[in-house]
Amino acid sequence: MNPQELLHWLRGTGLQLAAAVFVLGMTYRMLHLALLGRKKNLAAARGAEWGPGLRTVWRRSFVMPELSARGKFTVIAGYTFHLGFFVTLFFLSQHIDMLRAVFGFGWTALPRSAIDIAAILSLAALIALLVHRYIDPVKRMLSGFEDYLSWLLTFLPLLTGFMLLRGIGFDYTMLLILHLLSVELLMVAAPFTKLAHMFSTFSARWYNGAVAGFKGVKA
Amino acid sequence: MNEHETLGARLAQQGISRRAFLKFCAAMTTMMALPPGAATAIAETLLKAKRPSVIWLSFQECTGCTESLTRSHSPTLESLIFDMISLDYHHTLQAASGFGAEKSREDAMKDFFGNYLLLVDGSIPLNEGGVYSTIAGRTNLDLLQEAAKGAAAIVAVGSCASFGGLPMANPNPTGAVAVSDIVKDKPIINISGCPPIPAVITGVLAHYLTFGELPALDELGRPQAFYGETIHDRCYRRPFYDQGKFAKTFDDEGARNGWCLYELGCKGPTTHNACATTKWNGGAGFPIEAGHGCLGCSEPNFWDAGSFYTPLAAPTANIAAVAGAAALIGAGAAVALSAADRAKKKKKQQAHEKLSVKDLGN
Amino acid sequence: MNLPNNNLNSIPIRIEDVAEYSIGNLRALLAEIAAHLEKLARDGATASIDLHSLPFASGEYEQLRLLLGQGEVAASIEAIGPSEINETRYPGVWWVTHYNVEGDIVADSIEITLIPEILKSQPEDISTGLELLRAQLNGEVQS
Ligand code: SF4
Ligand code: SF4
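Criteria and cut-off values
Residues numbered from 1 in each chain as written. Chains lettered and ligands numbered in written order. Predicted model: local features only at pLDDT ≥ 70, side-chain atom pairs only at ≥ 80, totals over all residues. Heavy atoms only, no water. Domains from an automatic or database assignment. Contact = heavy atoms within 4.5 Å. Buried area = accessible area lost by both parts, 1.4 Å probe. Near = heavy atom within 4 Å. Nonpolar A, V, L, I, M, F, W, Y, C, P; charged D, E, K, R; others polar. Salt bridge = Lys/Arg side-chain N within 4 Å of Asp/Glu carboxyl O. Polar contact = N/O pair within 3.5 Å; in protein donor to acceptor, adjacent residues only side chain to side chain. Helix = DSSP H or I, 4+ residues; strand = E, 2+ residues; numbered from the N terminus. Buried < 20%, exposed > 50% of the residue type's maximum accessible area, 1.4 Å probe, protein only. Pairing = 2+ DSSP bridges. Phe/Tyr/Trp six-rings, centres within 6.5 Å; stacked < 30°, edge-to-face > 60°. Lys NZ or Arg CZ within 6 Å of the ring centre and 35° of its normal.

With that out of the way, let us pick up the domain arrangement of chain B. Residue and element names in this part refer to chain B. Considered domain by domain, chain B is made up of domain 1 (7–227) and domain 2 (238–361). A straight line from the C-alpha centre of domain 1 to that of domain 2 covers 39 Å. Contacts between the two partners involve 22 residues from domain 1, matched on the other side by 15 residues from domain 2. Carbon and sulfur atoms supply 69% of the area that domain 1 and domain 2 bury against each other, a total of about 1400 Å² over both sides. When residues of domain 1 are sorted by the area they lose upon contact with domain 2, Phe163, Ile197 and Tyr227 head the list and together hold 32% of the total.

We now examine the site of ligand 1. Ligand 1 sits among His232, Cys235, Arg237, Arg238, Tyr241, Cys260, Leu261, Tyr262, Cys266, Gly268, Pro269 and Ile288 of chain B. The residue makeup of the shell around ligand 1, split by class, is 8 nonpolar, 2 polar and 2 charged.

Between chain B and chain A, the contact holds 48 residues from the first and 33 residues from the second. Between chain B and chain A, the buried area comes to about 3500 Å², and carbon and sulfur atoms account for 62% of it. Put simply, chain B and chain A have 0 salt bridges between them. The tally of links from chain B across to chain A stands at 12 residue pairs in polar contact (both at pLDDT 80 or more). Broken down by secondary-structure element, the contributors of at least two residues to the side of chain B that touches chain A are helix H11 (238–243) and helix H14 (319–350) of chain B. Take the side of chain B that touches chain A: its biggest share by element is 18 residues, from H14 of chain B. Class assignment of the residues belonging to the side of chain B that touches chain A gives a composition of 26 nonpolar, 15 polar and 7 charged.

So, on to the pairing of strand E3 (residues 116–121) of chain B. Residue and element names in this part refer to chain B. Counting buried positions along E3 gives 6 out of 6 residues, so the element sits mostly inside the fold. Burial along E3 is two-sided: Tyr116, Leu118 and Val120 facing one way and Leu117, Leu119 and Asp121 facing the other are all buried. Pairing analysis gives 5 bridges linking strand E1 (residues 53–58) to E3, with the strands arranged parallel. Paired with Val54 across the two strands is Leu117, which belongs to E3. Where E3 and strand E7 (residues 151–157) come together, 6 bridges link them in parallel fashion. Paired with Asp121 across the strands is Val157, a residue of E7.

Moving on, we come to the pairing of strand E4 (residues 93–99) of chain C. Residues and elements named next belong to chain C. Counting buried positions along E4 yields 7 of 7 residues, so the element is predominantly enclosed. Side chains Val93, Trp95, Thr97 and Tyr99 project from E4 onto one buried face, and the interleaved Trp94, Val96 and His98 project onto a second face that is buried too. The pairing of strand E3 (residues 82–87) with E4 spans 5 bridges and is antiparallel. Along E4, the bridge assignment pairs Glu87 with Trp94. The loop that links E3 with its antiparallel partner E4 comprises 5 residues; one of these, Gly92, has a positive phi angle of about 95°.

Geometry of an aromatic ring pair is reported as the spacing of the ring centres plus the angle between the planes. Inspection of the entire model under this criterion finds 15 aromatic pairs over all chains. Consider the rings of Phe246 of chain B and Tyr262 of chain B, whose centres lie 5.9 Å apart with planes at 45°: the pair is tilted. Placement of Phe246 of chain B in the loop between H11 and helix H12 (253–256) and of Tyr262 of chain B in the loop between H12 and helix H13 (275–278) is noted, with a sequence separation of 16 residues between them. Take Phe246 of chain B: its relative accessible area is 4%, and that puts it in the buried class. Taken together, the aromatic side chains of Phe86, Phe90, Phe103, Phe105 and Trp107 of chain A make up a single cluster linked through ring pairs. Against the face of Tyr89 of chain B rests Arg105 of chain B, its NZ or CZ located 5.7 Å from the ring centre.

Attention now goes to the pattern of salt bridges. Residue and element names in this part refer to chain B. In this structure the tally under the stated criterion is 19 salt bridges over all chains. When the shortest N-O distance is used, the salt bridge between Asp242 and Arg238 registers 3.3 Å. Residue Asp242 and its partner Arg238 are both found in helix H11; the two are separated by 4 residues, about one turn of the helix. On the basis of relative accessible area, Asp242 is assigned to the partly exposed category, the value being 35%.

Turning next to the interface of chain C and chain B. Tallying the contact residues gives 30 residues for chain C and 23 residues for chain B. For the salt bridge of Glu124 of chain C with Arg18 of chain B, the shortest nitrogen-to-oxygen distance reads 2.7 Å. In this structure, the connection of chain C to chain B is made through 12 residue pairs in polar contact (both at pLDDT 80 or more). At the level of secondary structure, the elements contributing two or more residues to the side of chain C that touches chain B comprise strand E1 (47–50), E3, E4, strand E5 (105–112) and helix H4 (123–137) of chain C. With 3 residues, the single largest contributor to the side of chain C that touches chain B is E5 of chain C.

Listed below in structure tokens is the structure:
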């Protein structure tokens, strides 16, 4: 198989396989979570569920609580990474071309300089988080193989994508192959690893808020 | 053994001055992307070189490659490039026909055995014993295998001879294959393109004459001097690509401003060819200058690699349908397994047993 | 059908004001020329730049001509098509353009040298010429 054929496979069949695994795995996990069923709470409701649930999703995503130095670093670097990842994923023109081809609609891209900054910040934050995970004794103890694997699976698409935009290291065809390969790996692995939190985070937060809301507690 | 005279002798006969020849070599140097100072050295060697015999076989092709070559713009191609070689067989260009033509091919193969250059355009059909393309009653496969035996080197001209080309496009009814799929024991150079740039064909010939061997090749057997860089590497619209300025349609503001054609399906980034610098039609321009993206015609598989108008970033297959089906299956599985879990839970509750997470189908 | 003005040169071409569109290839090229010229002045090293292989935006090529300008020497050669050899406004910087008989450019370069090689008489041509001259002296050739 020459590089052109490999690239063609990755843009076609490979992507179809990855999308199938990703979507199947994710719908299964999310729906299974929702259908696990909560025992009917027989107590009289002291407050609503939906409002506080959504409020908690919002608050936990954007309001910074008081934290220790370690916590602060983790939170700031974590947010930088997630925000940068989100911006490059949804606002780089090439990604919008892709999404438009799949979903039938697109939106305006951000200028390339903004994308460059987002990508660099995101990469730097990921590296900082890895180093911190390794040198901080507590985090190190809590980390297992899967954590490092998840890190790598997230890091590679960002890195290869950045190299592709800047033409670093290999020629365009090879870089595009590497980028697609890393993205498809991520898609296949996501439903089976902690990376599934890309969706479950929000339902979990909602659930916390909803439970508290039901009890009339401000979460 | 028959011998052709040297190029120098031939030029002297025709009264072509050394200065004129130097100028021709300057043109060749540019063409081959050699350092500009090399012209004088090339002139020295070429003058002493013996004109090699060339046999050109045309198989499953459209004659576009020959058309391309005869429109080559180097200083009077007819008098100089064809002066540099002795084209002993080319069934489209030669005057002879019938048995006479086939005889000149056989003579050249005998007289210059081991020394002639074999040029091939078109792919070779293998299905049904190769009957899809025959010359003088013999299949292309047969002719190629015979001619390859005594060739010093083989030049596959065009994407069909190099990689299979349009005849090989899905579902490939004739079973077309490339020259390199058949001949394994000779040096082969692929001059891909649909058609290849004429200057590249003549440039490779000039290189062979000057250095007596094929030029440096890339991993697909193409001369690095011409295929070492992508269209995108040398595209004058590149600054717009880097700034993220793209034409969205062929007639919008961006298109009028000459912005990058990536979103209109340009394959320049993954296509290795010399169009952006050598250009076409005597340097008049190349497709991107005319406002159309590159089709990727010099790369293997370009004929089956999805639409010419799909951006490289977009998938070449239907992702939405697959994802939709996967979502349905995933949802179905979740509902079914949850129902099973509930039943299990109920049973255990009734039996007053403990239920752990491990019991649930997660 | 034969149109009266059926050739490319008869199409009027308007060159856009380059300053507005230039995307920066020229500066780099001029800097390269300057570096070579410095070497020529210092130790006589010659160099040449193949213009054929440089990606020019539309108008940039013409802009380069304007920037380098025309110097004291303008020569032309007639050998399988015309050639133009011009010294630019900067002595030692030559613009050498070869055309084929149809008038297409076949080689185009900037040479940084005391005199471009192609302008010099070639030894082989000299000896051929010498023979001719001798023959004429001996009255073998009527002029
Ligand atoms: S037009 Fe094509 S080759 Fe040129 S910069 Fe854009 S993508 Fe690259
Ligand atoms: S621009 Fe692309 S498609 Fe067009 S001739 Fe060149 S390589 Fe082929």
